[in-house]
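Given next are the chains, with one letter for each unit.
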Amino acid sequence: MSEYSKPLPGLEGLTKDFYGFCKQESLHFQQCSQCGVFRHVPRETCAECNSFEWEWTKSSGRGTIFSWVVINRALHPAFYDPSPDAVPMAPIVVEMEEGVRLVSNMVDCPPDQLEMGMPVSVVFEAVTDEVTLPRFRRV
Ligand SMILES: [Zn+2]
């Protein structure tokens, strides 16, 4: 798994905790202990009620395609090579059942087959020894 050369998340603070759950093939989001609202990306304060009280809650792993963009020209050297993550590719925004949105990629759907509202579920791809990324497949 040492061949992965694409950008990786910085594993620090709450982001490290988020990807720690991913490494266990489990998707978790922060949930406010005061008002119950979920949030992502990880941060200390609830945007709804300003509470600092929260806990990690396991996600259903299900959501729908909220948006995407098709990239046809590699703008980073790591995407020049012919790999599944190379161009054309379509980063997606998934709206999870918990209400949070997550930027990711599909594993089984070429860009021209994406549809608004398409039901998807999370899968996990261990791209390095340290980092496992949440990806999505069609339901
Ligand atoms: Zn809150």
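Up top is the structure.
Peer 1: Account for the overall build of the protein, naming residues and giving values.
Peer 2: A tally of helices and strands in the protein yields one helix and eight strands. Listing the helices and strands of the protein from first to last along the sequence gives α-β-β-β-β-β-β-β-β. The C-alpha atoms of the protein give a radius of gyration of 16 Å, which matches the 14 Å a tight globule of 139 residues would have. Taking all 139 residues of the protein together, 17% fall into the buried category. Here the analysis covers contacts within the protein between residues at least 6 apart in sequence; of these, 52% occur between residues at least 24 apart.

Peer 1: Help me get a handle on the pairing of strand S1 (residues 28-32), residues and values and all.
Peer 2: Bridge analysis of S1 against strand S3 (residues 54-58) gives five bridges, and the strand direction is antiparallel. Along S3, the bridge assignment pairs Gln 31 with Glu 55. Taking the residues that link successive antiparallel strands as the turn, the S1-strand S2 (residues 38-39) hairpin has five residues, and the phi of Gly 36 there is positive, at about 85°.

Peer 1: Would you mind going over the environment of Thr 57 in detail, with residue names and values included?
Peer 2: Looking at where Thr 57 falls in the secondary structure, it is placed in strand S3. What makes Thr 57 partly exposed here is the crowd of 13 C-beta atoms within 10 Å. Along the chain, Thr 57 and Phe 38 lie 19 residues apart, while their C-alpha atoms are 8.6 Å from each other. Every residue in contact with Thr 57, bar those within four places of it in the chain, is listed here: His 28, Phe 29 and Gln 31.

Peer 1: Tell me what's going on with the sheet that holds strand S7 (residues 119-126), and back it up with residues and numbers.
Peer 2: Adjacent strands of a sheet pair through backbone hydrogen bonds, lying either parallel or antiparallel. Reading across the sheet, the five strands line up as S6-S5-S4-S7-S8 and stay open at both edges, with antiparallel pairing between neighbours. Looking at which strands have only one partner, the edges of the open sheet turn out to be strand S6 (101-104) and strand S8 (132-138). Each adjacent strand pair in this sheet contributes to an overall mean axis angle of 50°, direction not counted. In terms of strand pairing, strand S4 (residues 62-68) meets S7 through three bridges, oriented antiparallel. Across the sheet, the residue bridging to Thr 64 is Pro 119, located in S7.

Peer 1: Which residues make up the nonpolar core, and what values do they have?
Peer 2: Grouped together as the largest cluster of nonpolar side chains are eleven residues: Leu 27, Ile 65, Trp 68, Ile 92, Val 94, Met 96, Leu 102, Met 106, Val 120, Val 122 and Phe 136. With three residues, strand S5 (residues 92-96) is the largest single contributor of residues to this core. Excluding its chain neighbours within four sequence positions, the residues that come into contact with Phe 136 are Ile 92, Val 94, Ser 104, Met 106, Val 107, Val 120, Ser 121, Val 122 and Val 123.

Peer 1: Which residues make up the sheet that holds S1, and what values go with them?
Peer 2: Read across the sheet, three strands follow the order S2-S1-S3 without closing on themselves; strand pairing throughout is antiparallel. Every other strand in the sheet has two partners, leaving S2 and S3 as the edge strands with one partner each. Bridging between S1 and S2 involves two bridges; their strand directions are antiparallel. Each bridged residue has a counterpart across the sheet, and for Gln 31 the counterpart in S2 is Phe 38.

Peer 1: I'd like a rundown of the pairing of S7, residues and numbers included.
Peer 2: Inspection of the sheet shows S7 paired to S8 by seven bridges, in the antiparallel sense. Opposite Ala 126, over in S8, you have Thr 132 as the bridge partner. Remark: five residues form the turn of the hairpin made by S7 and S8, two consecutive strands paired antiparallel.

Rules used throughout
- Residues numbered from 1 in each chain as written.
- Predicted model: local features only at pLDDT ≥ 70, side-chain atom pairs only at ≥ 80, totals over all residues.
- Helix = DSSP H or I, 4+ residues; strand = E, 2+ residues; numbered from the N terminus.
- Rg over C-alpha atoms; globule rule 2.2 N^0.38 Å.
- Buried ≥ 20, exposed ≤ 12 C-beta atoms within 10 Å, placed from the backbone.
- Contact = placed C-beta atoms within 7 Å.
- Pairing = 2+ DSSP bridges.
- Axes fitted to C-alpha atoms, helices over the stretch in contact; angles between N-to-C directions.
- Core = buried A, V, L, I, M, F, W, Y, C linked by C-beta atoms within 7 Å.

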